[in-house]
Amino acid sequence: MLTYTIRRLLIAIPTLLFISLIIFLILDLAPSDPTASLPLTIPPEVRAEIRASLGLDEPVHIRFGLWLYQFFVNEPINLIEQWTGASFGEESRPRVVSWQTRSPVVDLIAQRMPQTLWVVGTSYVVGILIAVPIGVISAYRQYSWFDQLGTFISMLGFSVPTFFTGVLFIVIFSVQLGWFPSVYDTTHVVTDFASFWVQIKQIIMPVMVLGLFNASQISRFMRASMLDNLNQDYVRTARAKGLSEQVVVLVHVLRNSMIPVVTVIALGVPQVFGGAIITEQVFKVNGLGHLLIGAIQGGDIPTVQTLTFIFAFLIVLFNLIADVLYGILDPRIRYD
Amino acid sequence: MTDTTTNQAPRNQWWDVWDQFKTHKGALLGAGFFVFMLLFVYLGPYVWGIDPGHIDPRVRNQGMSFAHPMGTDQLGRDMFARMMAGGQISIAVGLTAMLLSLVLGTFIGVLAGYFKRIDGLLMRFTDLFLALPLLPLLLVIVMLYRDPLRAAFGPETGIFILIVFVIGITSWMQTARIVRGDVLALKEREFVLAARSIGTPPHRMILRHLLPNVMSPIMVSATLGIANAIITESALSFLGLGFPSDFPTWGRLLFDGTDWLQRNPERVIWPGLAISLTVLSVNYIGDGLRDALDPRIRGR
């Protein structure tokens, strides 16, 4: 298992390098010139000097190498220095600076991360909590009205895009009924019960939108996995031993069916971050997705590169976690 | 397949598929709705006859009425006509992007499955693509390459090409994997051995013997591809990085409608319903096709 994990970690390195190359090239080959917005009165030779001072006259592979060095060496050291207060080396290292705000991108991300984690994390947990019971009951009572309804709703949740459910929720619950605010206020601080209630009210809509979407995907897997297990011999054995139905389903079958579902849950985490881009836009949550959209619309290339790379890193990381988890949870799987 | 009931006339296998497909209620409904949507979107404008771009300031922001069944927008343009025009682009994007991703996916899948030497390389390539953060990358590509393409091909065609292209090249991976798996399994079958033993060259082997046999998974992933492409295009338009307002798609109409939520919420609901129901119907068609094309289920 350990050798497998190490091998997977080693494979992850070229994958990440390749992804960073693609991200770098897409932005680098784009037909846009950073000096385009400077006044036209600047003579061409001065313009060439400006480009040289920005490092733009170097060949592509050198720029890519420098970018990688900045990304994988300088920024992590900066981050560690910030967290621990220790300093490595005297000279000040360059930082990836956002073109919009003129502040380091890493700081921007650190500011926006908690909001995204709160909303996305809660919605994922809610999604799992909804999906698992629905999947279990649907499979146990296959073709019952509950199963039919559950499958239909999960198909619906699968097909209806989050930007429509989000807007629909706003129309119904904010505009018509006036129950919940349509904008998520991230400056809100929870101090007592009343403010906690306000927080619940504002988080409920984004969480439900994302949660329903996640639940519909997970419950499909849960149901299929339960159905696979319910017909196995060990279930008959457990019943023959005289175990109660509750123990058979909730202990024997559920534990075995959770194995593939847990990996699906792990694989889904980065997708949830991607999906959150849209939900954050709908409810004006100023998280990572909101930062990305703002940076894209403002042409802020360093921020876009960093964020895209973080999303890619999350995907690679959670693929790894899913594979390793599968090996740990299921002793029948041996990778060696 | 040897038929025991000899009095029956020989039937095309597609009739069997159709018979099985008909038993799936959701799939049948979905197919009906999808055909209805196609008719509404492509033939509707000839019947309705109002220009979707016609501005009439006297009837701004109207609700539903007989003259304007879905109301009008802030410039007095008829929403019913705009829904038809938007649907044309949305469905066209869905179909073309699906075709592109299908061709790419099938090509790479067949190559990887058939030629052992490039299998490892192509599959690593597929895995790399699967690890890309698609939505952020799509947004970035659209942002960077939108203006040059607009300048080269005109505002509507340029953005159409760009969006179809980016959706196509980011959604072929699942098809490639499925096709490769099926080709690997088919390669071990006797009929392939027989074909090879009479000296069939690789290209004819692929076109005549392998491709017809992987048609069923390709058709199922085609339906998923349409659904995925329609949702992705709407998401891009919703984030303001898709089609411009003059050439609306359903996603763009929804996006434009969000500014008028309090006044006319139906401006959001109609395009949203259209997207959701179309995707739902396509997904149901896929479900039905999967059952109908599976010979193990079809016999029963």
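Residues numbered from 1 in each chain as written. Chains lettered and ligands numbered in written order. Predicted model: local features only at pLDDT ≥ 70, side-chain atom pairs only at ≥ 80, totals over all residues. Heavy atoms only, no water.

**Focus on the overall build of chain B**
Part 1 of the reasoning: Across its full length, chain B carries 14 helices and zero strands.
Part 2 of the reasoning: The helix and strand sequence of chain B, counted from the amino end, reads α-α-α-α-α-α-α-α-α-α-α-α-α-α.
Part 3 of the reasoning: On the principal axes, the C-alpha backbone points of chain B span a range of 75 × 50 × 30 Å.
Part 4 of the reasoning: Looking at the 300 residues of chain B, the share that counts as buried comes to 50%.
Part 5 of the reasoning: For chain B, contacts bridging at least 24 residues in sequence account for 69% of all contacts bridging at least 6.
Part 6 of the reasoning: For chain B, the computed accessible surface area is about 14700 Å², with 64% contributed by carbon and sulfur atoms.
Part 7 of the reasoning: Averaging the positions of the 26 positive and the 22 negative side-chain charges in chain B gives two centres separated by 6 Å. (Helix = DSSP H or I, 4+ residues; strand = E, 2+ residues; numbered from the N terminus. Buried < 20%, exposed > 50% of the residue type's maximum accessible area, 1.4 Å probe, protein only. Contact = heavy atoms within 4.5 Å. Areas by Shrake-Rupley, 256 points an atom, 1.4 Å probe, with all protein chains shown as cover. Lys, Arg positive; Asp, Glu negative; His and termini not counted. Charge placed at Lys NZ, Arg CZ, Asp CG, Glu CD.)

**What about the interface of chain B and chain A?**
Accessible area lost upon the coming together of the parts serves often as the stated size of an interface.
Part 1 of the reasoning: Each side of the interface is counted separately: chain B has 38 residues, and chain A has 42 residues.
Part 2 of the reasoning: Carbon and sulfur atoms supply 85% of the area that chain B and chain A bury against each other, a total of about 3500 Å² over both sides.
Part 3 of the reasoning: Viewed at the interface, chain A and chain B are joined by zero salt bridges.
Part 4 of the reasoning: At the junction of chain B with chain A, the criterion picks out one residue pair in polar contact (both at pLDDT 80 or more).
Part 5 of the reasoning: Listed by contribution, the elements that provide at least two residues to the side of chain B that touches chain A are α5 (116-130), α6 (134-153), α11 (215-238) and α13 (266-293) of chain B.
Part 6 of the reasoning: When grouped by side-chain class, the residues that make up the side of chain B that touches chain A number 30 nonpolar, six polar and two charged. (Buried area = accessible area lost by both parts, 1.4 Å probe. Salt bridge = Lys/Arg side-chain N within 4 Å of Asp/Glu carboxyl O. Polar contact = N/O pair within 3.5 Å; in protein donor to acceptor, adjacent residues only side chain to side chain. Nonpolar A, V, L, I, M, F, W, Y, C, P; charged D, E, K, R; others polar.)

**Structural notes on the pattern of salt bridges**
Part 1 of the reasoning: Enumeration according to the criterion identifies nine salt bridges over all chains in this entry.
Part 2 of the reasoning: Between Asp233(A) and Arg236(A) there is a salt bridge whose closest N-O contact spans 3.4 Å. Residue Asp233(A) and its partner Arg236(A) are both found in helix α8 (residues 233-240); the two are separated by three residues, about one turn of the helix. Of the two residues, Asp233(A) and Arg236(A), both sit in the exposed class.
Part 3 of the reasoning: Arg180(B) is the salt-bridge partner of Asp119(B), the closest N and O atoms lying 2.7 Å from each other. Of this pair, Asp119(B) sits in helix α5 while Arg180(B) sits in helix α8 (residues 173-187), and the two are 61 residues apart along the sequence.
Part 4 of the reasoning: Each member of the salt-bridge network shares a partner with another, and the members are Arg124(B), Asp127(B) and Arg177(B).

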